[in-house]
Amino acid sequence: MIERLWSGKSGGWRLLLPFSLLYGAITAIIRWSYRRGWRKSWRAPVPVVVVGNLTAGGNGKTPVVIWLVEQLRARGISAGVVSRGYGGKAERYPLVLKDTTTTAEAGDEPVLIYQRTGVPVAVAPRRSDAVAALLGSSPVEVIITDDGLQHYALARDLEVVVVDGVRRFGNGWWLPAGPMRERTSRLKEVDAVVTNGGEAHAGEIAMQLVSGEAVNLLSGETRPLSALTDIVAMAGIGHPPRFFSTLKSRGVTPVAEIAFADHHAYSAQELEVLLSGAQQLLMTEKDAVKCRQFARANWWYLPVTAQLSGEAASVLLDKIVHLSQPQ
């Protein structure tokens, strides 16, 4: 329903325009207050790179964060990651992740980044608190924020916006009539635009999500995706159809496709009833980090890796490396 509204295929979004105008006015006032110096942004002692988006819903930010971390590590630069930790509720903040940290405490995306990269990760409602905690525990040279483009309380040295190359910006309106957190004019001010799938426009960095082999949640065994049969596919991400399309592009047709809300908190019981007989459950890696504690032997996940191509991707990395060098 919401996808039809935001895409403009349904005219019902017009009924929400008064709320969108209010949303746009409030966000503009907040941003203007920081620009005018009425509110102060906190500046970290190391460079801060924000990876965010202009629209609500899954655009592929987290894979880009992981790509940046790994590319910087290959260049000898140690990066740390901070996040709001959406979906998690810790006893106290800031929370610096460790091996025993759960998604219930930190949220799914921070745990995924921590497990996938092994770099220091911290979460807090105020990202400046997360940065300070991270710097107090690890000698990182660059901070990358997963989301937070509109969190102007944290000063940033470089901004990267991730765009869904297929959906782009829908009807172009602010929330809730459309998917926009900010209007597309904001793209003129950021340092890089990464386009996930579809066709990258002039000046944008083309990105593709490349899926690997299926991984068993319980044992860690890997298998070619083609070796799995009777698959029930599930996804609790910002845009579940992207996961289902990935499976079809790999020649896999699930017997069922089940979409959950983004950041959904799963239970063993609700997933067990999705399967019958010898069926196997296949999910995203973001889902898997929430399900490992009660995983079954026939549960699998499909990891994806961001691939950014073109000279602009190298230019982006060079900028970050330059920022990390003593001036």
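The rules behind each value
- Residues numbered from 1 in each chain as written.
- Predicted model: local features only at pLDDT ≥ 70, side-chain atom pairs only at ≥ 80, totals over all residues.
- Heavy atoms only, no water.
- UniProt positions renumbered as here; feature names shortened; annotations may be inferred.
- Buried < 20%, exposed > 50% of the residue type's maximum accessible area, 1.4 Å probe, protein only.
- Helix = DSSP H or I, 4+ residues; strand = E, 2+ residues; numbered from the N terminus.
- Pairing = 2+ DSSP bridges.
- Right-handed = clockwise from strand over helix to strand, strands pointing away.
- Domains from an automatic or database assignment.
- Contact = heavy atoms within 4.5 Å.
- Buried area = accessible area lost by both parts, 1.4 Å probe.
- Salt bridge = Lys/Arg side-chain N within 4 Å of Asp/Glu carboxyl O.
- Polar contact = N/O pair within 3.5 Å; in protein donor to acceptor, adjacent residues only side chain to side chain.
- Phe/Tyr/Trp six-rings, centres within 6.5 Å; stacked < 30°, edge-to-face > 60°.
- Lys NZ or Arg CZ within 6 Å of the ring centre and 35° of its normal.
- Core = buried A, V, L, I, M, F, W, Y, C linked by side-chain atoms within 4.5 Å.
- Axes fitted to C-alpha atoms, helices over the stretch in contact; angles between N-to-C directions.

The chain has the name Tetraacyldisaccharide 4'-kinase in an unreviewed UniProt entry, where Tatumella ptyseos ATCC 33301 is given as its organism. Check the Sequence similarities (unreviewed entry) section of the UniProt entry for the chain; it says "Belongs to the LpxK family." UniProt annotates the chain under Function (unreviewed entry) with the comment "Transfers the gamma-phosphate of ATP to the 4'-position of a tetraacyldisaccharide 1-phosphate intermediate (termed DS-1-P) to form tetraacyldisaccharide 1,4'-bis-phosphate (lipid IVA)."

Asks: Help me understand the pairing of strand β14 (residues 299-302), please; the structure alone is not making it clear to me.
Replies: For a regular strand, side chains alternate in direction, first toward one face of the sheet and then toward the other. The two faces of β14 match: Trp299 and Tyr301 on one face and Trp300 and Leu302 on the other face are all buried. Bridge count between strand β9 (residues 214-216) and β14: two bridges; the pairing is antiparallel. By the bridge assignment, Val215 is partnered in β14 with Tyr301. Examined bridge by bridge, strand β13 (residues 280-284) and β14 share four bridges and lie parallel to one another. By the bridge assignment for β14, Met283 is matched with Tyr301. Assessed by its sense of winding, the connection that carries the chain from β13 through helix α9 (residues 285-291) to β14 is right-handed.

Asks: When you look at the domain arrangement of the chain in this model, what are you seeing that I'm missing?
Replies: Many authors give the size of an interface as the accessible area that is lost as the parts come together. Here the chain is described as being made up of domain 1 (1-208 + 307-324) and domain 2 (213-302). Here domain 1 and domain 2 have C-alpha centroids that lie 26 Å from each other. Every contact between the two is made by 16 residues of domain 1 and, on the other side, 10 residues of domain 2. With both chains or domains summed, domain 1 and domain 2 bury close to 1,100 Å², and 51% of this area falls on carbon and sulfur atoms. The tally of links between domain 1 and domain 2 comes to four salt bridges. For Glu109, the salt bridge goes to Lys286, with nearest N and O atoms at 3.0 Å. Where domain 1 packs against domain 2, one counts seven residue pairs in polar contact (both at pLDDT 80 or more). Looking at which element gives the most residues to the side of domain 1 that touches domain 2, the answer is helix α5 (residues 108-117), with six residues.

Asks: How do you make sense of the packing of aromatic side chains when you look at a structure like this?
Replies: Given two aromatic rings, their pairing is described by the distance between the two centres and the angle made by the two planes. All told, the structure shown has five aromatic pairs when counted by the stated rule. Aromatic pair Phe243 and Phe244: ring centres 6.0 Å apart, planes at 55 degrees, arrangement tilted. Note on Phe243: relative accessible area 7%, which makes it buried. Phe244 gets classed as buried once you look at its relative accessible area, which sits at 7%. Relative to Trp299, the ring of Phe294 lies with its centre 6.1 Å away and its plane at 85 degrees, an arrangement referred to as edge-to-face. We note that Phe294, like Trp299, is buried. Over the ring of Trp173 we find Arg183; its NZ or CZ atom is 5.2 Å from the centre of that ring. When the ring centre of Trp174 is taken as origin, the NZ or CZ atom of Arg183, which lies over that ring, is 4.7 Å away.

Asks: Mind showing me how you'd approach the nonpolar core here?
Replies: When a protein is soluble and globular, its nonpolar side chains tend to lie buried together. Ranked by internal contacts, the top residues of the largest apolar core, which has 40 residues, are Leu68 and Ile144. The biggest single contributor to this core is helix α3 (residues 61-74), with seven residues. Excluding its chain neighbours within four sequence positions, the residues that come into contact with Ile144 are Val49, Val51, Val65, Leu68, Val69, Leu72, Ala79, Gly80, Val81 and Val82. Counting 22 residues, the second-largest nonpolar core is a separate cluster that includes Ala44, Ile143, Leu154 and Phe169.

Asks: Where do I start with the sheet that holds β14 in this structure?
Replies: In space, the six strands of this open sheet follow the order β10-β9-β14-β13-β11-β12, with mixed pairing throughout. Lying at the two open borders of the sheet, with one neighbouring strand each, are β10 (222-223) and β12 (256-259). Strands in contact with helix α7 (residues 240-249) are β11 (231-235), β12, β13 and β14; relative to β11, the strand with the most contacts, it is inclined by about 150 degrees.

Asks: Would you explain the UniProt feature "binding site: ATP" (unreviewed entry) in the chain in this entry?
Replies: UniProt tags Thr55, Ala56, Gly57, Gly58, Asn59, Gly60, Lys61 and Thr62 as "binding site: ATP" (unreviewed entry). Setting aside chain neighbours within four positions, we find Gly58 in contact with Asp164, Arg167, Gly238, His239 and Arg242. Along the chain, Asn59 falls in the loop between β1 (48-52) and α3. On the basis of relative accessibility, which here comes to 3%, the residue Asn59 falls in the buried class.

Asks: Where do I start with the sheet that holds strand β5 (residues 142-146) in this structure?
Replies: Note: strands within a sheet are paired through backbone hydrogen bonds, in either parallel or antiparallel orientation. The nine strands lie next to each other as β3-β4-β2-β5-β1-β6-β7-β8-β15, forming an open sheet whose pairing is mixed. On the outer flanks of this sheet lie β3 (95-96) and β15 (304-309), each paired with one strand and no other. Examined bridge by bridge, β1 and strand β6 (residues 158-164) share four bridges and lie parallel to one another. If you follow Val50 over to β6, its bridge partner there is Glu159. On top of the sheet, helix α10 (residues 311-324) reaches β1, β5, β6, β7 (192-196), β8 (205-211) and β15; it is set at about 150 degrees to β6, its chief contact.

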